[in-house]
Amino acid sequence: QVQLVESGGGLVQAGGSLRLSCAASGRTFSSYAMGWFRQAPGKEREFVAGIAWIGGSTYYADSVKGRFTISRDNAKNTVYLQMNSLKPKDTAVYYCAAGLGLSSAGAQRDIKLYNYWGQGTQVTVSS
């Protein structure tokens, strides 16, 4: 069982930065790939970024590539999402998720393969 708690969301002006954190409980955190997803009002939840459970490979949606960086600290059971050059279209509720043993790019982009989800944190980017 893994419990996930996100933090770090808020209101920021376009061009600004935020860093989201996701703290995980459980002793097997390092066995899980971690992903960040987001859901804007009236839209489906979409993949933002993922980091493999081993090797540290990272994957990004085209819409955030070059602006967002995902990282993890297994000693702290925490995954981060550094978001720079934020745009109003980045406004959404951001969720972190854990998927057991996911490694490939395709697997980490597949929302259906994630086992655990956090409650979400709101990110609002004003123009």
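These figures come from a predicted structure and were not determined experimentally.

Definitions and limits used
Once a new chain begins, its residue numbering starts again from 1 and follows that chain's sequence as written. Two thresholds apply to this predicted model, a pLDDT of at least 70 for residue-level local features and 80 or more for giving and counting side-chain atom pairs, whereas whole-chain, interface and lining totals are computed over all residues. Only hydrogens and water are removed before side-chain values are computed, so all heavy atoms of the structure are retained for them. Definition used in this section: a nonpolar core is a set of buried Ala, Val, Leu, Ile, Met, Phe, Trp, Tyr and Cys residues joined via side-chain atoms within 4.5 Å. Each residue is placed in one exposure class: buried if its accessible area under a 1.4 Å probe, protein chains only, is under 20% of its type's maximum, exposed if it is over 50%, and partly exposed if it falls in between. Secondary structure elements are defined from DSSP: runs of H or I of at least 4 residues count as helices, runs of E of at least 2 residues count as strands, and each element is numbered from the N terminus. By definition, residues are in contact when any of their heavy atoms lie within 4.5 Å. Grid spacing is 1 Å over the protein atoms alone, the probe is 1.4 Å, and a cavity is where that probe fits but cannot get out, while a pocket is an open set with protein on both sides within 12 Å along at least five of seven lines and lining residues have an atom within 4 Å of a point. Grid points are joined across faces, edges and corners, and a volume is the space filled by probe spheres set on the points. The aromatic pairing rule takes the rings of Phe, Tyr and Trp, using the six-membered ring of Trp, and pairs them if the centres are within 6.5 Å, calling planes under 30 degrees apart stacked, those over 60 edge-to-face and the rest tilted. A ring is scored as having a charge over it whenever the NZ atom of a lysine or the CZ atom of an arginine sits within 6 Å of its centre and within 35 degrees of its normal. Paired strands, in this sense, are two strands between which DSSP finds at least two bridges.

**As for the nonpolar core**
Right, on to step 1. Ranked by internal contacts, the top residues of the largest apolar core, which has 39 residues, are Leu4, Met34, Trp36, Leu81, Met83 and Tyr94.
Right, on to step 2. Elements with a contribution of two residues or more to this core: β3 (18–24), β4 (32–39), β5 (46–51), β6 (58–60), β7 (68–73), β8 (78–83), β9 (92–100) and β11 (121–126).

**Digging into the environment of Gly50**
Right, on to step 1. As for its placement among the helices and strands, Gly50 is situated in strand β5.
Right, on to step 2. The exposure class of Gly50 is buried, given its relative accessible area of 0%.
Right, on to step 3. Once residues lying within four places of it in the same chain are set aside, the contact partners of Gly50 are Met34, Gly35, Ser57, Thr58, Tyr59, Ile70 and Gln108.

**Quick look at the layout of surface pockets**
Right, on to step 1. Space inside the largest pocket adds up to approximately 150 Å³.
Right, on to step 2. Along its surface, the largest pocket is lined by Arg38, Gln39, Ala40, Lys43, Glu44, Glu46, Lys89, Asp90, Thr91 and Ala92.

**Side note on the packing of aromatic side chains**
Right, on to step 1. Taken as a whole and judged by the stated rule, the model has five aromatic pairs.
Right, on to step 2. Relative to Tyr114, the ring of Phe37 has its centre 5.1 Å away and its plane inclined at 80°; by these criteria the two rings are edge-to-face. Taken together, the residues Phe37 in strand β4 and Tyr114 in the loop between α1 (105–108) and β10 (116–117) connect sequence positions 77 residues apart. Grouping residues by exposure puts Phe37 and Tyr114 together as buried.
Right, on to step 3. An aromatic cluster is present here, built from Phe37, Phe47, Tyr114 and Trp117 joined pairwise through their rings.
Right, on to step 4. It is Arg45 that lies over the ring of Tyr95; its NZ or CZ is 3.6 Å from the centre.
Right, on to step 5. One cation-aromatic arrangement involves Arg72 over Phe29; the distance from NZ or CZ to the ring centre is 4.7 Å.

**Let's talk about unusual backbone geometry**
Right, on to step 1. Positive phi values are uncommon outside glycine, yet Asn77 reaches one of about 50°.
Right, on to step 2. Position of Asn77 relative to the elements: it lies in the loop between β7 and β8.
Right, on to step 3. Backbone geometry places Ser85, a non-glycine residue, at a positive phi of 50°.
Right, on to step 4. On the secondary structure map, Ser85 appears in the loop between β8 and β9.
Right, on to step 5. Exposure remark for Ser85: the relative accessible area of 41% places this residue in the partly exposed category.

**Section: the pairing of β5**
Consecutive side chains of a regular strand alternate in pointing toward one face of the sheet and then the other.
Right, on to step 1. In terms of residue burial, β5 counts as a mostly covered element, since five of its six residues are buried.
Right, on to step 2. Of the pairings in the sheet, the one linking β4 to β5 comprises five bridges and is antiparallel in character. When the bridges of β5 are listed, Arg38 appears paired with Glu46.
Right, on to step 3. Counted between consecutive antiparallel strands, the loop separating β4 from β5 contains six residues, among which Gly42 sits at a positive phi close to 80°.
Right, on to step 4. Counting the residues in the hairpin turn of β5 and β6 gives six residues, including Gly55, whose phi is positive at 90°.

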